[in-house]
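These are the residues of each chain, in order.
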Amino acid sequence: MINLSFAGPNDPALHRSLAAARKQGIVLVAAAGNAGPKSPPLYPAADPDVIAVTATDADDKLFEQSNRGDYVAIAAPGADILVVNGDGGYEALSGTSFSAAEVSGIVALMLQREPDLSPDKARDILMATAKDLGPKGRDPLFGAGLADAHGALIAEKPPMASASAPPPVERVNTGQH
């Protein structure tokens, strides 16, 4: 899993790198960008190989500076997030990078439970378990809606044998008593 918390114009070299990573089964999560509602799509979030994440506030409203577009897959909290500053104190900051980090954490937990989870399946689970916000269904503001960590984690349980069952005991006859 790779978190991509930066945004810029389309770049063919970046697209090739993202496509190669995804082909290797790496889940890519990116911040949609903070250039506002009139911004063109920013990359890497707008790349089809990436899960684009937008930001919400404490009331599940869209963070005003969030980019919008059909490429947005999902939303997560990103407004007024308490973070450590360079002075060892704390401050409240906002942006889609914080949202992408949260979704990256959810994906990391999903991969811990199911290490062979494909990028497509990870996206599908996140979107299927999201809490719908805004207009009904997927939309260019919130994507599928607010990420639900618990829902995503219980959506696909690994088989019981690989989850916690001990390995079978193998008996070996050495011929000695």
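Parameters and conventions
- Residues numbered from 1 in each chain as written.
- Predicted model: local features only at pLDDT ≥ 70, side-chain atom pairs only at ≥ 80, totals over all residues.
- Heavy atoms only, no water.
- Pairing = 2+ DSSP bridges.
- Helix = DSSP H or I, 4+ residues; strand = E, 2+ residues; numbered from the N terminus.
- Axes fitted to C-alpha atoms, helices over the stretch in contact; angles between N-to-C directions.
- Buried < 20%, exposed > 50% of the residue type's maximum accessible area, 1.4 Å probe, protein only.
- Contact = heavy atoms within 4.5 Å.
- Patch = residues over 30% accessible without salt bridge, like charges linked within 9 Å, V, L, I, M, F, W, Y side chains within 5 Å.
- Areas by Shrake-Rupley, 256 points an atom, 1.4 Å probe, with all protein chains shown as cover.
- Salt bridge = Lys/Arg side-chain N within 4 Å of Asp/Glu carboxyl O.
- Left-handed = near helix turned anticlockwise from the far one by under 90°.
- 1 Å grid on protein atoms, 1.4 Å probe; cavity = no way out; pocket = protein on both sides within 12 Å on 5 of 7 lines; lining within 4 Å.
- Points joined across faces, edges and corners; volume = space filled by probe spheres on them.
- Core = buried A, V, L, I, M, F, W, Y, C linked by side-chain atoms within 4.5 Å.

Turning to the sheet that holds strand β4 (residues 72-77), a few remarks are in order. The strand order across the open sheet formed by 4 strands is β1-β2-β3-β4, and the pairing between neighbours is parallel. In this open sheet, the two strands that pair with only one neighbour each are β1 (2-4) and β4. Taken pair by pair, the neighbouring strands of this sheet meet at an average axis angle of 30°, ignoring direction. By the bridge criterion, 3 bridges tie strand β2 (residues 28-31) to strand β3 (residues 51-56) in an arrangement that is parallel. The partner of V29 across the bridge, within β3, is I51.

Before going further, it helps to spend a moment on helix α3 (residues 119-129). Note that an α-helix has 3.6 residues per turn; residues three or four places apart therefore point the same way. Residues of α3 that are buried: P119, A122, R123, I125, L126, M127 and T129. Check the buried side of α3 and you find it contacts α1 (12-23), β3, β4, α2 (96-113) and α4 (149-155).

With that settled, consider a nonpolar patch on the surface. The grouping of L82, V84 and Y90 at the surface amounts to a nonpolar patch, some 380 Å² of accessible area in total. With respect to the helices and strands, Y90 occurs in strand β6 (residues 90-93). Looking at Y90, the relative accessible area reads 58%, which means it is exposed.

Where α2 meets α3, the closest approach of the two axes is 11 Å, and the angle between their N-to-C directions is 115°. Between α2 and α3 lies a crossing whose hand is right-handed. Judged by residue contacts, V103, I106, V107 and M110 of α2 engage A122, I125 and L126 from α3.

Before going further, it helps to examine empty space enclosed by the protein. Tallied over the entire structure, the rule returns 2 cavities of 30 Å³ or more. Looking at the second largest cavity, its volume works out to about 40 Å³. As for the second largest cavity, its lining consists of R22, V27, L28, D49, V50, I51, P119, D120 and R123. Element by element, the count of residues in the lining of the second largest cavity is highest for α3, at 3 residues.

Attention now moves to the nonpolar core. V29, I74, V103, M110 and L126 are the most contacted members of the largest nonpolar core, which has 24 residues in total. Elements with a contribution of two residues or more to this core: β2, β3, β4, α2, α3 and α4. Residue contributions to this core peak at 6 residues, all from α2. Counting residues in each nonpolar core, the second largest holds 13 residues, with L28, Y43, A46 and V50 among its members.

Everything listed is a geometric property; what it means functionally is a separate question.
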